[in-house]
Amino acid sequence: QVQLVESGGGLVQAGGSLRLTCAASGRTISGDAVAWFRQAPGKEREFVSGLDWNSRTYYVDSVKGRFTISRDNAKNTVYLQMNSLKDEDTAVYYCASRERGYYSSDPKNYGSWGQGTQVTVSS
């Protein structure tokens, strides 16, 4: 079982940037598909970005051109660089992994989750 721990959230002004980190332990996730989801109050958990085992990337339309997902296999870590943040990006952000190497936008397909990190964007 892999353990995932997110960090890097915080309060930022609209237009600012944050980099989220998801550190994995327990086993390597280099062959996993990994993804970032977010959940705002009163809303369902939403897919944000995914990364196949071969580093092919995927983004929800609302973050394309602003967010970048990446991984460092040597550190067993996944990142989400978030630029040009908007009010509507405010949410708890979760990282998730699945041992089958191709991403899915359905949270039900991920077996491992972190505890989440709060991102608050103020205007």
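Up top you'll find the structure we're talking about.
In what follows, the accompanying structure is described. On a predicted model such as this, the values are computed, not experimentally measured, just so you know.

## Observations concerning the side chain of Ser112
Here comes step 1: Assignment of secondary structure puts Ser112 in strand β10 (residues 112-113).
Here comes step 2: Residue Ser112 is classed as buried on the basis of its relative accessible area of 8%.
Here comes step 3: Residue contacts for Ser112: discarding those within four places in its chain leaves Gln1, Val2, Leu4, Cys95, Ala96 and Ser97.

## Description of the state of the cysteines
Here comes step 1: In total, this model carries one disulfide according to the counting rule given.
Here comes step 2: With its sulfur 2.0 Å from that of its partner, Cys22 forms a disulfide with Cys95. One disulfide, between Cys22 and Cys95, carries an S-S torsion of 60° and so falls in the right-handed class. Residue Cys22 is located in strand β3 (residues 18-25), and its partner Cys95 is located in strand β9 (residues 91-98); the two are separated by 73 residues in the primary sequence.

## Quick word on the pairing of strand β1 (residues 3-7)
Here comes step 1: Side chains of β1 alternate between two faces, with Leu4 and Glu6 buried and Gln3, Val5 and Ser7 left unburied.
Here comes step 2: With five bridges connecting them, β1 and β3 associate as antiparallel partners. Note that in β3 the partner of Gln3 across the bridge is Ser25.

## Quick word on the packing of aromatic side chains
Here comes step 1: Summed over all chains, the structure comprises seven aromatic pairs.
Here comes step 2: With centroids separated by 5.4 Å and ring planes inclined at 40°, the aromatic side chains of Phe47 and Tyr103 adopt a geometry described as tilted. Highlighted residues: Phe47 in strand β5 (residues 46-51) and Tyr103 in the loop between β9 and β10, separated in sequence by 56 residues.
Here comes step 3: Among the aromatic residues, those joined into a cluster by ring pairs are Phe37, Phe47, Tyr58, Tyr94, Tyr103, Tyr110 and Trp113.
Here comes step 4: Note that Arg45 overlies the ring of Tyr94, its terminal NZ or CZ placed 3.8 Å from the centroid.
Here comes step 5: One cation-aromatic arrangement involves Arg45 over Trp113; the distance from NZ or CZ to the ring centre is 4.8 Å.

## A few points about the pattern of salt bridges
Here comes step 1: Taken as a whole and assessed by the stated rule, the structure comprises six salt bridges.
Here comes step 2: Arg27 is paired through a salt bridge with Asp32; the nearest N and O atoms lie 2.9 Å apart.
Here comes step 3: Judged by its relative accessible area of 23%, Arg27 falls in the partly exposed class.
Here comes step 4: Across the salt bridge formed by Asp61 and Lys64, the nearest N and O atoms sit 3.0 Å from each other.
Here comes step 5: Residue Asp61 is classed as exposed on the basis of its relative accessible area of 60%.

Criteria and thresholds
- Residues numbered from 1 in each chain as written.
- Predicted model: local features only at pLDDT ≥ 70, side-chain atom pairs only at ≥ 80, totals over all residues.
- Heavy atoms only, no water.
- Helix = DSSP H or I, 4+ residues; strand = E, 2+ residues; numbered from the N terminus.
- Buried < 20%, exposed > 50% of the residue type's maximum accessible area, 1.4 Å probe, protein only.
- Contact = heavy atoms within 4.5 Å.
- Disulfide = S-S within 2.5 Å.
- Pairing = 2+ DSSP bridges.
- Phe/Tyr/Trp six-rings, centres within 6.5 Å; stacked < 30°, edge-to-face > 60°.
- Lys NZ or Arg CZ within 6 Å of the ring centre and 35° of its normal.
- Salt bridge = Lys/Arg side-chain N within 4 Å of Asp/Glu carboxyl O.

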